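Residues per chain are reported as follows:
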Amino acid sequence: MPATAPGCTWPPTAVSVLSWLRRLALEGDLATAEPKTLRFRLLSAPARYVRHARQRVLKIPTGWAWATHLADAFARLRALHPA
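Residues numbered from 1 in each chain as written. Predicted model: local features only at pLDDT ≥ 70, side-chain atom pairs only at ≥ 80, totals over all residues. Heavy atoms only, no water.

In this section: the pairing of strand E1 (residues 48-52). Summarising burial for E1: zero of the five residues are buried, a small minority. By the bridge criterion, five bridges tie E1 to strand E2 (residues 55-59) in an arrangement that is antiparallel. The partner of Arg 48 across the bridge, within E2, is Lys 59. Hairpin connection from E1 to E2: two residues lie between these consecutive antiparallel strands, with Ala 53 at a positive phi of about 55°. (Buried < 20%, exposed > 50% of the residue type's maximum accessible area, 1.4 Å probe, protein only. Helix = DSSP H or I, 4+ residues; strand = E, 2+ residues; numbered from the N terminus. Pairing = 2+ DSSP bridges.)

Take a look at the structure:
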């Protein structure tokens, strides 16, 4: 199997990661969204994952259109392994 299929711009590993992200963390219309939509809404988010007071915090700008979707997905992933 070639590294990428003809006409495919994403390597197979990235597609697998997106597939697991959909299954574990996303719901509603984002769970069935195309990679382009996920890239536009979630993966290009103006957010930072920082450490503060010995805790990891996801900082998302207020007023960003998909902030609640990203925060919910992050919370579901954190619930899988809270350490």
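Attention now goes to a nonpolar patch on the surface. A contiguous nonpolar surface patch, about 420 Å² in accessible area, is contributed by Trp 20, Leu 24, Leu 77 and Leu 80. Summarising the element assignment, Leu 24 is placed in helix H1 (residues 12-25). Among the residues examined, Leu 24 registers a relative accessible area of 39% and is labelled partly exposed. (Patch = residues over 30% accessible without salt bridge, like charges linked within 9 Å, V, L, I, M, F, W, Y side chains within 5 Å. Areas by Shrake-Rupley, 256 points an atom, 1.4 Å probe, with all protein chains shown as cover. Salt bridge = Lys/Arg side-chain N within 4 Å of Asp/Glu carboxyl O.)

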